[in-house]
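Descriptive analysis of the structure
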Amino acid sequence: MPSREVMLKVGGVAAVVVVLGVALVGVLAATGAFAAPTVVSTTYEWGAVADETTEIETTVAVDNPNPVGVPGVVDVAYTAQLNDVTLARGDRSGVGFGPGKSEFTLTAAMENDRIADWWVTHVDGDERSELTVDARVDAPGFSRELPAKSSTIETDILGGFTTEEARTVDFRGDPLLTLRNQRASWGDATGETTPLSFSADVENVHDYAVTLDGVEYVVEMNGVELGRGQREAGLDVAPGESGAIDVTVALDTPKMADWWREHVTDDEQSNMTVAMYGTVDRDGERQRVPMRVFDRRLRLETDLLGDGGTSVTPVDAPGRTDDFEPPRVADTTQEWGSVTDETTEIHTDATLDTPDDPGLADLLTLDVRQEATINGVPVASGETSVETVRAGTDTLLLTSEKDNSRVPAWWARHLNDGERSRVVTTPTATADVGVTKFDADLGTRESVFTTDLLAGMNGDRNERVRVQGRTALVVTGVSSEWGQATPERAPIATEAAVRNELASPVEVQTVHYTVTTNGVTLADRSDTVGQVIGPGERDTVTTRLVLDNSRMDRWWVRHVRDGERSSFDVNVEVTVSVLGRTERVELDSLAQSATVETDLLNATGE
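The notes below deal with the structure included here. (Residues numbered from 1 in each chain as written. Predicted model: local features only at pLDDT ≥ 70, side-chain atom pairs only at ≥ 80, totals over all residues. Heavy atoms only, no water.)

1. What about the side chain of Ser589?
Relative to the helices and strands, Ser589 is located in the loop between strand E33 (581–586) and strand E34 (592–597). When near neighbours in sequence (up to four residues on either side) are disregarded, Ser589 contacts Gly456, Arg461, Glu463, Val475 and Val478. (Helix = DSSP H or I, 4+ residues; strand = E, 2+ residues; numbered from the N terminus. Contact = heavy atoms within 4.5 Å.)

2. Focus: the sheet that holds strand E9 (residues 167–171)
If you trace the four strands from one edge of the open sheet to the other, you get E9-E10-E11-E14, paired in antiparallel fashion. Every other strand in the sheet has two partners, leaving E9 and strand E14 (242–252) as the edge strands with one partner each. Taking each pair of neighbouring strands and ignoring which way they run, the sheet shows an average axis angle of 35°. Here eleven bridges tie strand E11 (residues 193–204) to E14, and the two strands are oriented antiparallel to one another. Within E14, the position partnered with Ser199 by the bridge is Asp246. (Pairing = 2+ DSSP bridges. Axes fitted to C-alpha atoms, helices over the stretch in contact; angles between N-to-C directions.)

3. Things to note about the nonpolar core
In terms of nonpolar packing, the biggest core is built from 75 residues, with Phe161, Leu196, Phe198, Val249, Met276 and Met291 touching the most fellow members. Val407, Leu453, Val478 and Val529 belong to the second largest nonpolar core, which has 64 residues in total. (Core = buried A, V, L, I, M, F, W, Y, C linked by side-chain atoms within 4.5 Å. Buried < 20%, exposed > 50% of the residue type's maximum accessible area, 1.4 Å probe, protein only.)

4. Considerations on the packing of helix H2 (residues 113–124) against helix H4 (residues 256–265)
One way to put it is that H2 packs onto H4 with a least axis distance of 7 Å and a crossing angle of 115°. In terms of axis orientation, H2 runs roughly perpendicular to H4. Read as a crossing pair, H2 and H4 show a hand that is right-handed. Together, Asp113, Ile115, Ala116 and Trp119 of H2 and Met256, Ala257, Trp259 and Trp260 of H4 make up the contact between the two elements. Here the contact of H2 with H4 is composed, by residue class, of seven nonpolar, no polar and one charged. (Parallel < 35°, antiparallel > 145°, perpendicular 65-115°, else oblique. Left-handed = near helix turned anticlockwise from the far one by under 90°. Nonpolar A, V, L, I, M, F, W, Y, C, P; charged D, E, K, R; others polar.)

5. Considering the sheet that holds strand E13 (residues 224–237)
Strands sit in the order E13-E12-E15-E16-E17 across an open sheet of five strands; the sheet is antiparallel. In the strand order of this sheet, the two ends are held by E13 and strand E17 (310–315), each with one partner. Each strand of the sheet is rotated relative to its neighbour by a mean of 25°, with strand direction disregarded. As paired elements, strand E12 (residues 210–221) and strand E15 (residues 269–282) share eight bridges and run antiparallel to each other. Note that in E15 the partner of Gly214 across the bridge is Thr279. Along the sheet face, H4 touches E12, E13, E15 and strand E16 (285–302) and points at about 115° away from the line of E13.

6. Things to note about the pairing of E16
Relative to E16, E15 runs antiparallel, the two being bridged by 13 bridges. Directly across from Met276, in E16, lies its bridge partner Phe294. Between E15 and E16, which pair antiparallel in sequence order, lie two residues; one of them, Asp283, sits at a positive phi of approximately 55°. The sheet contact formed by E16 and E17 spans six bridges and is antiparallel. Paired with Glu301 across the strands is Ser311, a residue of E17.

7. Focus on the packing of aromatic side chains
Counted according to the given criterion, the structure contains eleven aromatic pairs. Plain terms: the ring middles of Trp411 and Trp555 are 5.1 Å apart, the flat faces sit at 50° to each other, and that makes the pair tilted. Taken together, the residues span a long stretch of sequence, with Trp411 in helix H6 (residues 407–416) and Trp555 in helix H7 (residues 552–561) at a distance of 144 residues. Take Trp411: its relative accessible area is 6%, and that puts it in the buried class. The class of Trp555 is buried, set by a relative accessible area of 4%. (Phe/Tyr/Trp six-rings, centres within 6.5 Å; stacked < 30°, edge-to-face > 60°.)

8. Points about the pairing of E11
Pairing geometry for strand E10 (residues 174–186) and E11, over eight bridges, is antiparallel. Across the sheet, residue Leu177 finds its bridge partner in E11, namely Asn204. Once E10 ends, the chain turns through six residues before running back antiparallel as E11.

9. A few points about H6
In terms of burial, H6 is a largely internal element, eight of the ten residues being buried. Of the positions making up H6, those classed as buried are Val407, Pro408, Ala409, Trp410, Trp411, Ala412, His414 and Leu415.

10. Topic: the pattern of salt bridges
This model, assessed by the stated rule, comprises 15 salt bridges. Taking the shortest distance from any N to any O, the salt bridge between Arg499 and Glu501 comes out at 2.5 Å. Given the relative accessible area of 22%, Arg499 is considered partly exposed. Classification of Glu501 as partly exposed rests on a relative accessible area of 35%. Across the pair Arg584 and Glu573 runs a salt bridge whose closest N-O atoms are separated by 2.5 Å. Highlighted residues: Arg584 in strand E33 and Glu573 in strand E32 (residues 565–578), separated in sequence by eleven residues. (Salt bridge = Lys/Arg side-chain N within 4 Å of Asp/Glu carboxyl O.)

11. Quick notes on the environment of Pro71
Turning to its location among the elements, Pro71 is positioned in strand E3 (residues 70–82). Taking the C-alpha atoms as reference, Pro71 lies 7.9 Å from Gly94; in sequence the two are 23 residues apart. Leave out the neighbours within four places in its chain, and Pro71 touches Val95 and Gly96.

12. As for unusual backbone geometry
Backbone geometry at Glu419 places phi at a positive 60°, although glycine is not the residue there. Counting through the fold element by element, Glu419 comes out in the loop between H6 and strand E23 (420–432). You can call Glu419 buried: its relative accessible area is 5%. In this structure, Asn518 is a non-glycine residue whose phi angle is positive, near 50°. As for its placement among the helices and strands, Asn518 is situated in the loop between strand E29 (506–517) and strand E30 (520–533).

Set out below in structure tokens:
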């Protein structure tokens, strides 16, 4: 930027040189010997750019109306300064002009490291500089100093970093922070460092707290690294809350000379980038998080040897693919662990696939939770922490405890849904990436199992019910179905189609039944019927068996211990009265002994 004006004025010196030469000829012209030559035009362009210097080539076009040239007796010397920092000194002896139109070129070498010296004064002067060019001409019998040429150079790099517009900070595609009122300011520059402070108001738009212990920054211009380092920058903002971030970086002042060289080489265009990554303290070490808390690009353009215009324009940062890929479960196997009267352990082995992301490998930890429901009833939960998550395929071991007291609730729904149950196991994880946390879906496992406990209590029959040695009734068919079950009760409604074989009425007084499963008694009671079947008549005897569903937790313990295998035994007796004689007899038509097998954790059938 200031170098632009420097070059303009240094080029202007060449024009001054010509003017001085013309002044000398004017002295001769006073004697009537010569007419005064005139400067037609002056053009400037960059010459060779080296590690140490940058050349400025000034071409001056002169019109000498005299038939003879001006002899090469003119010496020129000049000094160009910015804020009292001498950028270039030049001199040339024996300048002369031929007759008519001619051109001559002056080349001055500017030391690039003087740009760094000037930069300090420019920053400390609020990005404002004064350029001055002093020139002197000497010729035989003539010596003169011309008035200094001066101009003001102003830049606005800070303005490029200042904006009130909101900017969202994403982490792997997930919005975390909203930055507002971004601003920047210079500190006191020295020959070694130039402090540059960045501040912004911060709002947490994430579901978890965002915490930073510091930042790691990189500042570049046209590939020249002007600054890199780490700074403390405490930030701890709860979800929905606001805070502020304030970071001061240190630019390497001598590197401005390297930037200048690249700036001129790139046709006076520079891209300035400032990137700040969050850092966290993990196990006593400062580690970088692949999240940019500040990301800004500016385009600096100058035309130092032309019209002298400058511009500083913010540009959008190039798109980056930062989708966060949390670990996922590729496969799971489950089995029962230890069983007590109160709980049943579920052991889960999960195959964990973790993307190979070096930026997160040293930071990522997982808090894994697992919940299981049967028919929508929460029955088990467990959690574990994984402090070291290795990239690739690993095995996650998780133990959750099933609450046996929840068995009657889900078993009631099992019966009400036609002896069908859905088991849903949902592992979820909170991935801690140092700066914040994310919920990771590890995949839901579902299975369905069915039973048919009443299969033996339905169908056609031909059972004779004998009283006093005679067939009183014949059971021709039975039908049984579950009533509306609750965690306390599970009713079974039964119907028995019967035919009276006697010439006298037969009364079915009571039905007594026992129901056991794996030695657990669910029912041992009687149901009063009081139904009379006339001589030779057909009728339906209905009764209601009520099971104590609250005892199913005891069944569950034995069921799991026996490898998810149980017996389901129903015994029924009826008390029948004929002509005042009463007898209690077994009714095999409603009795059954069934085997129940399940695979709750790994069933797949619908």
